[in-house]
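Next come the chains, spelled out residue by residue.
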Amino acid sequence: MEINADFSKPVVMHSEQLEWQPSPMKGVERRMLDRIGGEVARATTIVRYAPGSHFSAHSHAGGEEFIVLDGVFQDEHGDFPAGTYVRNPPTTSHTPGSDQGCTIFVKLWQFDLVDRAQFSKNMEAELDAPVDGVATARLHEDDREIVTYSQLEAGATLTSGARGGIELLVINGVVTVDGVVLGKHDWLRLPEGQRLSARAGGDGAKLWMKTGHLRFARAPSV
């Protein structure tokens, strides 16, 4: 399966307009944003757990990172409420689920295969003081990518000319990028060489962003 698999082209996905698709596990549904592969895939997805639903125990050969968008995600490592950023590198395993239900934004098979740094962070607790109406937290950085979380005041603008591509998820609020209005849980991917300028609407915005990583996009090694 291939969804938005040409990383040389810009992509905008209004996720609230996508139908929820069933996963192999009852009670767990997903909205696919990009994908290369079948059930084992390099994938970017919004996943919804119904209350009381759980996945079977599994390992992540290619790594997994996710943001909890609402509710509380749970596994044997702890309870992760909305606003948590989690990285589970290659070779880690868990049994994920949610007693009350939750929604997460998750990326699979996009790690350096030698990465072993496992952690979780409260994104808001990591924020620096705002500059020109933009407060930013640097969640992760290595030779391949930089991952950030930003809060924009009303009318503030987040810009980036980072090499290696740019990916943006609107966690809350509204931003306008090149005349396109992006709302809650909308997703944008820009290729190498294209700049980002995202201007927040009247209620501000909360944004997750990753840069540099598209140089390493590949299908998973099964």
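Remember, it's a predicted structure, so these values are computed and weren't measured experimentally.

### Quick word on the UniProt feature "domain: ChrR-like cupin" (unreviewed entry) in the chain
The feature "domain: ChrR-like cupin" (unreviewed entry), as given by UniProt, occupies residues 9-111 in the numbering adopted here. Note that residues 9-111 is 0% helix and 60% strand, and that its end C-alpha atoms are spaced 22 Å apart.

### Focus on the pairing of strand β17 (residues 157-160)
Within a regular strand, side chains alternate between the sheet's two faces. The alternating pattern of β17 places L158 and S160 on a buried face and T157 and T159 on a face that is not buried. Inspection of the sheet shows β17 paired to strand β21 (residues 196-211) by 4 bridges, in the antiparallel sense. Each bridged residue has a counterpart across the sheet, and for L158 the counterpart in β21 is A198.

### With respect to the pattern of salt bridges
Counted under the stated rule, the structure contains 14 salt bridges. Salt-bridge contacts for R87 lead to D115; the nearest nitrogen and oxygen are separated by 3.5 Å. In this pair, R87 sits in strand β10 (residues 84-88) while D115 sits in the loop between β13 (102-108) and β14 (119-122), placing the two residues 28 residues apart along the sequence. Note on R87: relative accessible area 1%, which makes it buried. Accessibility expressed as a relative area gives 11% for D115, which makes it buried. As a salt-bridge pair, K107 and E167 come within 2.7 Å of each other at their nearest N and O atoms. Placement of K107 in strand β13 and of E167 in strand β18 (residues 166-177) is noted, with a sequence separation of 60 residues between them. Like E167, K107 is buried.

### With respect to the packing of aromatic side chains
What the rule picks out here adds up to 6 aromatic pairs. When the centroid spacing of 6.3 Å and the interplanar angle of 70° are considered together, the rings of Y49 and F55 count as edge-to-face. With relative accessibility at 6%, the residue Y49 sits in the buried group. Of the residues examined, F55 reaches a relative accessible area of 22% and is grouped as partly exposed. Geometrically, the ring pair formed by F73 and F80 is tilted, given 6.4 Å between the ring centres and 40° between the ring planes. Side by side, F73 and F80 carry an identical accessibility label, which is buried. Every member of this aromatic cluster is reached through a ring pair, and the members are Y49, F55, F66, F73 and F80. Positioned over the ring face of F111 is R87, at 4.3 Å from the centre of the ring. Sitting over the face of the ring of F119, K121 holds its NZ or CZ atom 5.0 Å from the ring centroid.

### Structural notes on the environment of F119
Relative to the helices and strands, F119 resides in strand β14. Taking the C-alpha atoms as reference, F119 lies 9.1 Å from P89; in sequence the two are 30 residues apart. If we ignore the near neighbours within four places in the chain, the residues touching F119 are Y85, V86, R87, L139 and H140.

### Here's the deal with the layout of surface pockets
Counted as a void, the largest pocket has a volume near 580 Å³. Along its surface, the largest pocket is lined by 26 residues, and E39, F55, H58, H60 and L108 are the ones closest to its centre. Contributions of two or more residues to the lining of the largest pocket are made by β4 (28-37), β5 (41-49), β7 (58-60) and β13. Sorting elements by how many residues they give to the lining of the largest pocket places β5 first, with 5 residues. A per-class count over the lining of the largest pocket returns 14 nonpolar, 8 polar and 4 charged.

### Brief notes about the environment of S98
The residue S98 is located in strand β12 (residues 97-98) in this model. On the basis of relative accessible area, S98 is assigned to the buried category, the value being 0%. Between the alpha carbons of S98 and D75 there is a distance of 8.1 Å; along the sequence they are 23 residues apart. Leave out the neighbours within four places in its chain, and S98 touches Y49, A50, P51, G52, S53, H54, V72 and Q74.

Reading guide: rules and limits
Sequence order as written defines the numbering, with residues in each chain counted from 1. Restriction of local features to residues with pLDDT of at least 70 applies here, the model being predicted, together with a cutoff of 80 or more for giving and counting side-chain atom pairs; totals for whole chains, interfaces and linings are based on all residues. For the side-chain quantities, the full set of heavy atoms in the structure was used; hydrogens and water were omitted. UniProt positions are given in the numbering used here, feature names are shortened, and annotations may be inferred rather than shown by experiment. Numbering of helices and strands runs from the N terminus, with a helix taken as a DSSP run of H or I at least four residues long and a strand as a DSSP run of E at least two residues long. Exposure categories follow from relative accessible area, calculated using a 1.4 Å probe and restricted to protein chains: below 20% of the type maximum is buried, above 50% is exposed, and the middle band is partly exposed. Note: two strands are recorded as paired if DSSP finds a minimum of 2 bridges between them. Criterion for a salt bridge: a side-chain nitrogen of Lys or Arg within 4 Å of a carboxyl oxygen of Asp or Glu. Note on aromatic contacts: the rings of Phe and Tyr and the six-membered ring of Trp form a pair at centre separations within 6.5 Å, being stacked when their planes are under 30 degrees apart, edge-to-face when over 60 apart, and tilted otherwise. A positively charged side chain is recorded as over a ring if its NZ (Lys) or CZ (Arg) lies within 6 Å of the ring centre. The angle to the ring normal must also be within 35 degrees. Two residues qualify as a contact provided that any one of their heavy atoms is within 4.5 Å of a heavy atom in the partner residue. Note on definitions: the grid is 1 Å and covers protein atoms alone; a cavity is a set of points where a 1.4 Å probe fits but cannot get out; a pocket is an open set with protein on both sides within 12 Å along at least five of seven lines; lining residues have an atom within 4 Å of a point. Grid points are joined across faces, edges and corners, and a volume is the space filled by probe spheres set on the points. We call Asp, Glu, Lys and Arg charged. Ala, Val, Leu, Ile, Met, Phe, Trp, Tyr, Cys and Pro are nonpolar, and the rest, Gly among them, are polar.

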